[in-house]
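Take a look at the letters that make up each chain.
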Amino acid sequence: MQIIQWPGTMNLTSIDYLAIGQRLRAYRIAASLNAEQIAAELGISRAAVYRLEKGEIKKIETLERLAQCLNTTVETLLGVGMEYYPHASGFFERMRQLEEGSTRIYSHFEPFSYLLTSEKYDAYLQQMLLETDSTTVQGDKLDPNSLQTLAILSERKSHLNTHLPKIHNLIGIQHIEKFIHLGLVGSLNISPSTRIERVLATRQEVKYLLHLLEEKKDIVQVAITKQTIPLFYLPDFL
């Protein structure tokens, strides 16, 4: 999962240390490491790790050691070029960080942005993850990393409900049609009664989206296209 930034060349006299700290936290979460593990690897205290994640970085050597520990590069932590996250938890944590200070958000996720889903959707999302990928399941529960991903998603939605940035969502009509037809399912290997329930839940989500468009038209805008939406974006549109 990638977050692409387009800074060109970096002015080393104006490094955004807070953003570096935020990336450190996102990569730590993606690596399924806690502050204690990072502290043990670097030979520092847990409190020192938290200070690093707040942007209190004084030595480039520390950043180099962190990059090696988190399986990334110093350039990535500095925000030069592309940020690649090996797990959804780190990707969504970074999105949460960026959204915290945003006044306007442009998004395209199929079938539409999670930020525009109802509170009921979260429970269905957890169930869909249980149905979709056996590698995320331990017994009848999701693994800790997947549960953390869900918690981060929920935090994003809660923050937006109070912060109220403007949200612009690009939607492909074919994805909505598929969404309504299949329902909120992670697998088609479910009972007919469950399938009916999930299809009805999907329709409620679409109704909720329409409700948002009516009640919050000043902050929520949706563009619908019949064309296939490309899987890449030009820098001018980031």
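On inspection of all chains with the given rule, the structure shows 11 salt bridges. Residue Glu83 pairs with Arg94 through a salt bridge whose shortest N-O separation is 3.2 Å. Taken together, the residues Glu83 in strand β2 (residues 82-84) and Arg94 in helix α6 (residues 88-100) connect sequence positions 11 residues apart. A salt bridge links Glu100 to Arg96, with the nearest nitrogen and oxygen atoms 2.8 Å apart. Here Arg96 and Glu100 lie together in helix α6, a separation of 4 residues that amounts to about one turn. A relative accessible area of 36% places Glu100 in the partly exposed class. Here the salt bridges share partners, and the residues they tie into one network are Arg25, Glu93, Arg96, Glu100 and Glu155.

Turning our attention to helix α2 (residues 35-42). Turning to α2, its buried residues are Ala35, Ile38, Ala39 and Leu42. Seen from one end, α2 has its buried residues packed into an arc of 100°, which puts them on one side. Exposed residues lying more than 90 degrees from the buried face of α2 are Ala40 and Glu41. The inward-facing, buried residues of α2 contact α1 (17-30), α3 (46-53) and α4 (60-69). Trailing α2 by a residue or two, Gly43 shows a phi angle of about 75°, which is positive.

Of the consecutive residues Glu110 and Pro111, the connecting peptide bond is found in the cis state with omega at -5°. Turning to its location among the elements, Pro111 is positioned in the loop between β3 (104-107) and α7 (121-132). A positive phi angle is found at Ser32, which is not glycine, with a value near 60°. Take Ser32: it is sitting in the loop between α1 and α2. Classification of Ser32 as partly exposed rests on a relative accessible area of 44%. If you check the backbone angles, Asn71 has positive phi at about 60° while not being a glycine. Residue Asn71 is classed as exposed on the basis of its relative accessible area of 74%.

Parameters at a glance
Residues numbered from 1 in each chain as written. Predicted model: local features only at pLDDT ≥ 70, side-chain atom pairs only at ≥ 80, totals over all residues. Heavy atoms only, no water. Salt bridge = Lys/Arg side-chain N within 4 Å of Asp/Glu carboxyl O. Helix = DSSP H or I, 4+ residues; strand = E, 2+ residues; numbered from the N terminus. Buried < 20%, exposed > 50% of the residue type's maximum accessible area, 1.4 Å probe, protein only. Arc of directions from axis to C-beta. Contact = heavy atoms within 4.5 Å.

So yeah, pure geometry; function would need other evidence.
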